[in-house]
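Survey of secondary and tertiary structure
Chain by chain, the residues run as shown.
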Amino acid sequence: MSIAMANGHKLSIAHDSTQLNIEWNDGHNSEFLAVWLRDHCQMPESRDAHSGQRLMNVTDFPLDVSIESITPLDNQHVEIIFSPLHRSVFSLDWLEQNAYDKHLANDIYSEQNKVLWDSSFSTEKSVFDYDAYLSNKDTSRALFDHFALYGFAILENVPCKEGQILDVIDTFGYVRDTNYGKLFEVKTQVEPNNLAFTNLGLGLHADNPYRDPVPTVQLLHCLENTVEGGESILGDGFKAASILREESQADFDLLSQTWINFRFQDKDTDLQSRVPLIEVNDKGQVVKVRFNNRSIAPINIDKQKMKAFYKAYQHYAEILNRTSIMIDFKLTQGQLVMFDNTRVFHARKAFSTSGSRWLQGAYADVDSLYSLQSVLSRKTETDARVTSNPSAKKTSN
């Protein structure tokens, strides 16, 4: 059978007891298994009208559920009768958007959805005015979009007062409290428990790999910076992982398939995790990277692959030492850099003991930032539809 759509296109629809077949306008043929359709029923008895969440369990129907009939209701919906008896109505738009053989599974955290960068990347487009970020939704969405694509963003003209960093986090999420407190001071200390609190240079690394789960957003707010040196350095860990994969698939596979221990200890704390240096999803796409030579615990893996592991580990570390993957800039008073701690490695150059370098740092989690990005994107799309079609506003609810 065929259905004439509202836009003038025709869809070809067929079925048997096991599946629904739809040939879309682009010629792609999608197959929807009966068990999948039954599980994704959109009817009020199956879905809560307000939250959209399932009211049923996968145990509420047999795995051999079958399709009895399919009937077009109009040019936008089809009715499906199942056996055991159940009625569902599906929007054709919904079926096309969720066709599992037409669209790749979307992992918003993976390299698939990122723009990888190296030392040629200019940070100029990464800088956003704080007042504009607070007052203009277009600016805040632009910042979130930039962060999602590139893994970091810089705010300028942030008020230089102690604790301001916590107010910044409140604009997109929640503070991640740790053993360092809600915020921590990044300046030289006597007998520090972390090399970050000295004036020494630090190589590219991720923070807190010994914590599970690891904080996913790190923020650093510059309150004073009159020292010589001390430039901030960022490196795209996803880019480093892609270079490793290009130069040696074997090294990449070993680091993504071998779990090692990280550990942090002081007189009040003992934090441990066992994780891979490169984490991939079910599609083999990079979703998280880790590197922190200061916090790696004694390596405890099978002796038979120890030498191969060290070869891969050293290769990865060598890539992270290449200036070709780094960007550097000097944070000035009132600037705040925020970056994805599971993607973007950070470092700093050594600085003089004269002058003052005072940063305050804090952690947050990236899921709330991505959530805001998605909500702002939906609102922008809705506003665009209303602008182009004023009558849509009357039916948008």
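First, a word on scope: everything that follows refers to the structure included in this document. (Residues numbered from 1 in each chain as written. Predicted model: local features only at pLDDT ≥ 70, side-chain atom pairs only at ≥ 80, totals over all residues. Heavy atoms only, no water.)

**Notes on the overall build of the protein**
Note the cut-off: Each helix is a run of H or I in the DSSP string that is no shorter than four residues. Each strand is a run of E no shorter than two, and both are numbered from the N terminus. Relative accessibility decides the category of a residue: with a 1.4 Å probe and only protein chains considered, values under 20% of the type maximum give buried, values over 50% give exposed, and everything between is partly exposed. Here a residue-residue contact requires only that any non-hydrogen atoms of the pair lie within 4.5 Å. Note on areas: Shrake-Rupley, 1.4 Å probe, and residue coverage restricted to the protein chains presented here.
Assigned secondary structure in the protein consists of ten helices and 21 strands. Looking at the protein as a whole, 48% of its 397 residues are labelled buried. Of all intrachain contacts in the protein linking residues separated by at least 6 positions in sequence, the fraction that spans at least 24 positions is 71%. Approximately 20100 Å² of the protein is accessible, and the part contributed by carbon and sulfur atoms is 48%.

**Brief notes about the packing of aromatic side chains**
Here is the rule: Classification of ring pairs uses Phe, Tyr and Trp, with its six-membered ring standing for Trp, and accepts pairs whose centres are within 6.5 Å; under 30 degrees between planes counts as stacked, over 60 as edge-to-face, and the remaining range as tilted. Sitting over a ring, as applied to charges here, requires NZ of Lys or CZ of Arg to be within 6 Å of the ring centre and within 35 degrees of the ring normal.
Under the criterion given, the structure shown has 21 aromatic pairs. With 5.9 Å between their ring centres and 35° between their planes, phenylalanine 90 and tryptophan 94 make a pair best called tilted. Judged by centre distance (5.0 Å) and plane angle (40°), the rings of phenylalanine 121 and tyrosine 150 are tilted. Pair noted here: phenylalanine 121 is in the loop between helix 2 (92-97) and strand 8 (127-129) and tyrosine 150 is in helix 4 (residues 137-150), with a separation of 29 residues, a long-range link. Of the residues examined, phenylalanine 121 reaches a relative accessible area of 12% and is grouped as buried. By relative accessible area, which is 12% here, tyrosine 150 ends up buried. Taken together, Phe32, Trp36, Phe90, Trp94 and Tyr100 form an aromatic cluster joined through their ring pairs. For the cation-ring pair, arginine 245 lies above phenylalanine 252, with the distance from its terminal atom to the ring centre recorded as 4.8 Å.

**Considering the state of the cysteines**
Stated formally: Note that a disulfide, as used here, is simply two cysteine sulfur atoms within 2.5 Å.
Taken as a whole, this structure holds zero disulfides when the rule is applied. Looking at cysteine 222, it has no disulfide partner, and the nearest cysteine sulfur is the one in cysteine 160, 7.0 Å off. With relative accessibility at 0%, the residue cysteine 222 sits in the buried group.

**Concerning the pairing of strand 13 (residues 232-236)**
Definition in use: One bridge is not enough; two strands pair if DSSP finds at least two bridges between them.
Strand 13 sits mainly inside the fold: five of its five residues count as buried. Burial along strand 13 is two-sided: Ser232, Leu234 and Asp236 facing one way and Ile233 and Gly235 facing the other are all buried. Summarising the sheet, strand 13 and strand 18 (residues 326-329) pair through four bridges and their orientation is antiparallel. The partner of leucine 234 across the bridge, within strand 18, is isoleucine 327. Alignment of strand 13 against strand 20 (residues 344-348), held across five bridges, turns out to be antiparallel. Bridged to serine 232 within strand 20 is arginine 348.

**Quick notes on empty space enclosed by the protein**
Here is the rule we go by: A cavity here means a set of 1 Å grid points, computed over protein atoms only, where a 1.4 Å probe fits but cannot escape. A pocket is an open set with protein on both sides within 12 Å along at least 5 of 7 lines, and lining residues have an atom within 4 Å of a point. Grid points are joined across faces, edges and corners, and a volume is the space filled by probe spheres set on the points. Ten residue types, Ala, Val, Leu, Ile, Met, Phe, Trp, Tyr, Cys and Pro, are classed as nonpolar, four, Asp, Glu, Lys and Arg, as charged, and the remainder, Gly among them, as polar.
Throughout the structure, instances matching the rule amount to two cavities of 30 Å³ or more. The calculated volume of the second largest cavity comes to roughly 50 Å³. Ala206, Asp207, Pro209, Val214, Lys288, Val289, Arg290, Asn341 and Thr342 together form the lining of the second largest cavity. Among the residues forming the lining of the second largest cavity, the class breakdown is four nonpolar, two polar and three charged.

**Things to note about the layout of surface pockets**
The volume enclosed by the second largest pocket comes to roughly 230 Å³. Asn106, Ile108, Tyr370, Gln373 and Ser374 are, among the 13 residues lining the second largest pocket, the residues nearest its centre. Where the lining of the second largest pocket is concerned, the elements lending two or more residues are helix 4 and helix 9 (366-388). Take the lining of the second largest pocket: its biggest share by element is six residues, from helix 9. Taken together, the residues of the lining of the second largest pocket sort by class into three nonpolar, five polar and five charged.

**Overview of unusual backbone geometry**
A cis amide bond links serine 83 to the next residue, proline 84, at an omega of 0°. On the secondary structure map, proline 84 appears in the loop between strand 6 (77-83) and strand 7 (86-91). That bond from aspartate 212 to proline 213 is cis: its omega, 5°, falls within 30 degrees of zero. Here proline 213 shows up in the loop between strand 11 (202-205) and strand 12 (217-225). The residue asparagine 157 is not glycine, and still its phi comes out positive at about 65°. Relative to the helices and strands, asparagine 157 resides in the loop between strand 9 (152-156) and helix 5 (164-170). The backbone of asparagine 208 shows a phi angle near 55°, a positive value even though the residue is not glycine. The class for asparagine 208 is buried, based on a relative accessible area of 3%.

**Some points on the side chain of arginine 176**
Turning to its location among the elements, arginine 176 is positioned in the loop between helix 5 and strand 10 (184-186). When its relative accessible area of 14% is taken as the criterion, arginine 176 is described as buried. Residues contacting arginine 176, with those up to four places away along its chain left out, are Gly181, Arg211, Pro213, Val214, Pro215, Tyr363, Ala364 and Asp365.

**So, the sheet that holds strand 6**
Convention followed: Note on geometry: axes are lines fitted to C-alpha atoms, helical ones only across the stretch in contact, with angles between N-to-C directions running from 0 to 180 degrees.
The antiparallel open sheet is built from three strands, whose spatial order is 5-6-7. One side of each edge strand has no neighbouring strand; the edge strands of this open sheet are strand 5 (66-72) and strand 7. With direction set aside, neighbouring strand axes in the sheet form an average angle of 25°. Pairing between strand 6 and strand 7: six bridges, direction antiparallel. In the strand pairing of strand 7, histidine 77 is matched with serine 91.

So, to be careful, I would describe these as geometric facts and stop short of saying anything about function.
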